[in-house]
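Results of the structural survey
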Amino acid sequence: MGIFSKIKEGLKKTRKGFVSQITNLFSSSSSIDEEFFEELEDILIGADVGVDTTMKIVEQIKERINEEKIKDPQDVDEILKEEVLNMLHFDSDEREVDDSLKVTLIVGVNGAGKTTSIGKLANRYKQNDQKVLLAAADTFRAAAIDQLKIWGDRVGVDVIRHQEGSDPAAVVYDGLQAARARKVDHLICDTAGRLHNKKNLMDELNKISRVIDRELGHPPHEVLLVLDATTGQNALNQAKLFSEVTPVSGIVLTKLDGTAKGGIVLALADELKLPIKYIGVGEGINDLQDFVSEQFVDALFSNSEDLTEN
């Protein structure tokens, strides 16, 4: 199955959910009136797009309809696609530093798919002939260290780890030293996902960032926030909190294949102004895909029966 088909298959629930409701609205409405817009708002809000983002999309659609003097509800379909695409488009803001070693910090709550995402990312880099090393800096839970080791063994990459309760920054330091000694291309660092004490989380992430800054001469190349798409607006709340405690550069949105709503993609992009870098569209090791906005929108609004394109 090609990448496009894999993303399309992963978005099947969302397509059959709110996208099919929108399609039905456009095809069954006889005119573009206030009732039409109210129903569109209800569908978008119900799909986890969020009230603020929904109102923004609808206002932009109204402006386009007036400017382009559109009368047929079915013609609104293309406008919606274009507005969604505009909302999801970000210029690359990845830290451009000419380093032989690239360091990525992974943050997010436990249960969002953080460890699994790290394993899948490591697999992607390794498939691109990069030498990868993992650092198990979520020392708060022994299970987190063990899970990362399992993924490391599965993918075939080494894991730098200390005992449960160790200083996470010390693990990252050892990871950096090992990465340099072994001429590694990419170091991926796991971090603790507990949220009950924001100050502790902030202190921990700040300390890790200071260690990386001191050793590399600059902050991590990327700080990726892992969020679970099936948690809807709760994922947005988590994103806001993590953005307050650390400079997040992008989002990894997992379990997108498990939700019929999927509008959380728009809410995250619009409200946080953060690019979505990767999406999880299945449980397989190769089911973490690059998020390409054009590809995503095409897959989202495409015919659900045809899954043969590449």
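For every chain, the first residue of the written sequence is number 1, and numbering continues from 1 along that sequence. Per-residue local features of the predicted model are confined to residues with pLDDT of at least 70, and side-chain atom pairs are confined, for both listing and counting, to 80 or more; whole-chain, interface and lining totals are unaffected and use all residues. In computing side-chain values, all of the structure's heavy atoms are included and hydrogens and water are not.

Regarding the nonpolar core
Threshold: Put simply, buried Ala, Val, Leu, Ile, Met, Phe, Trp, Tyr and Cys residues joined by side-chain atoms within 4.5 Å make one nonpolar core. Summary of the burial criterion: residues with accessible area below 20% of their type's maximum are buried, those above 50% are exposed, and those between are partly exposed, where the area comes from a 1.4 Å probe applied to protein chains only. A run of H or I in DSSP becomes a helix once it reaches four residues, and a run of E becomes a strand once it reaches two; helices and strands are each numbered from the N terminus. Whether two residues are in contact is decided by their heavy atoms: any pair within 4.5 Å suffices.
Among the nonpolar cores identified, the biggest contains 101 residues, and L253 and F296 are the most heavily contacted of them. The leading source of residues in this core is helix α11 (residues 264-272), at 7 residues. Residue contacts for L253: discarding those within four places in its chain leaves L227, D228, A229, I264, V265, L268, I276, Y278, I279 and G280.

Description of the sheet that holds strand β5 (residues 222-228)
Cut-off, in case you're wondering: Note on pairing: two strands pair once DSSP finds at least 2 bridges between them. Axis angles are defined between N-to-C directions and span 0 to 180 degrees, where every axis is a line fitted to C-alpha atoms and, for a helix, only to the segment in contact.
Read from one edge to the other, the open sheet built from 8 strands follows the order β3-β2-β4-β1-β5-β6-β7-β8, with strand pairing classed as mixed. Strand pairing shows two members of the sheet lacking a second neighbour, β3 (158-160) and β8 (288-290), which therefore form its edges. Ignoring which end each strand starts from, the neighbouring axes of this sheet average 25 degrees apart. For strand β1 (residues 102-107) and strand β4 (residues 186-191), the ladder comprises 4 bridges, and the chain directions are parallel.

Some words on a nonpolar patch on the surface
Inclusion rule: The patches reported here contain residues having more than 30% relative accessible area and no salt bridge. Joining distances are 9 Å for like charges and 5 Å for nonpolar side chains (Val, Leu, Ile, Met, Phe, Trp, Tyr). Only the protein chains shown count as covering a residue, and every accessible area follows the Shrake-Rupley method with a 1.4 Å probe. Note on definitions: salt bridges are taken to be side-chain nitrogens of Lys or Arg within 4 Å of carboxyl oxygens of Asp or Glu.
A surface patch of nonpolar side chains, amounting to about 220 Å² of accessible area, comprises I45, V51 and M55. Of the residues examined, M55 reaches a relative accessible area of 33% and is grouped as partly exposed.

Overview of the environment of Y278
Looking at the element boundaries, Y278 is found in strand β7 (residues 276-280). For the pair Y278 and K199, spaced 79 residues apart in sequence, the C-alpha to C-alpha distance is 28 Å. In contact with Y278, not counting residues within four places along its chain, are L121, R124, Y125, L224, I251, V252, L253, L288, Q289, D290 and F291.

Some points on the packing of aromatic side chains
Here a ring pair, both rings aromatic, is described through the centre-centre distance and the interplanar angle of the planes. Counted only if it meets this: Any two rings among Phe, Tyr and Trp, with Trp reduced to its six-membered ring, count as a pair given centres within 6.5 Å; such a pair is stacked if its planes are under 30 degrees apart, edge-to-face if over 60, and tilted if neither.
Scanning the entire structure with this criterion turns up 3 aromatic pairs. Seen in terms of ring centroids, F26 and F36 are 5.7 Å apart; in terms of plane orientation they differ by 25 degrees. Their pairing is stacked. Of this pair, F26 sits in helix α2 (residues 12-28) while F36 sits in helix α3 (residues 34-46), and the two are 10 residues apart along the sequence. For F26, a relative accessible area of 3% corresponds to the buried category. Counting every residue linked through ring pairs, the aromatic cluster contains F26, F36 and F37.

What about the UniProt feature "domain: SRP54-type proteins GTP-binding" (unreviewed entry) in the chain?
Basically, it comes down to this: UniProt positions are given in the numbering used here, feature names are shortened, and annotations may be inferred rather than shown by experiment.
Per the UniProt record, the feature "domain: SRP54-type proteins GTP-binding" (unreviewed entry) sits at residues 275-288. The span residues 275-288 is 0% helical and 43% strand by assignment, and the distance between its end C-alpha atoms comes to 16 Å.

Comments concerning the packing of helix α9 (residues 198-216) against helix α10 (residues 233-245)
Filter applied, for reference: By definition in this entry, angles of less than 35 degrees are roughly parallel, angles greater than 145 are roughly antiparallel, angles of 65 to 115 are roughly perpendicular, and the rest are oblique. Here a crossing is taken to be left-handed if its near helix is turned anticlockwise relative to the far helix by less than a right angle, and right-handed if that turn runs clockwise. Ten residue types, Ala, Val, Leu, Ile, Met, Phe, Trp, Tyr, Cys and Pro, are classed as nonpolar, four, Asp, Glu, Lys and Arg, as charged, and the remainder, Gly among them, as polar.
Between α9 and α10, whose axes approach to 9 Å, the crossing angle comes to 50 degrees. In this view, α9 runs oblique relative to α10, as classed from their interaxial angle. Classified by chirality, the crossing of α10 by α9 is right-handed. The segment α9 lies against α10, with K198, L201, M202, L205 and N206 engaging L241, F242, E244 and V245. Within the contact of α9 with α10, the residues separate by chemical class into 6 nonpolar, 1 polar and 2 charged.

Focus: the pattern of salt bridges
Applying the stated rule across the entire model yields 23 salt bridges. In this structure, the salt-bridge partner of E83 is R64, at a minimum N-O distance of 3.0 Å. Linking E83 in helix α5 (residues 76-88) with R64 in helix α4 (residues 51-68), this pair joins segments that are 19 residues apart in sequence. Here K277 and E222 are joined by a salt bridge, their closest N and O atoms 2.5 Å apart. With K277 in strand β7 and E222 in strand β5, the pair connects residues that are 55 residues apart, well separated along the chain. Each of R64, E68, E82 and E83 takes part in a single network of salt bridges with overlapping partners.

Some remarks on the environment of L134
Summarising the element assignment, L134 is placed in strand β2 (residues 132-137). Spatially, the C-alpha atoms of L134 and H186 are 8.5 Å apart, while their sequence positions differ by 52 residues. Those residues in contact with L134 that lie beyond four places of it in its chain are I118, A122, L148, G152, V157, D158, V159, I160, L187 and I188.

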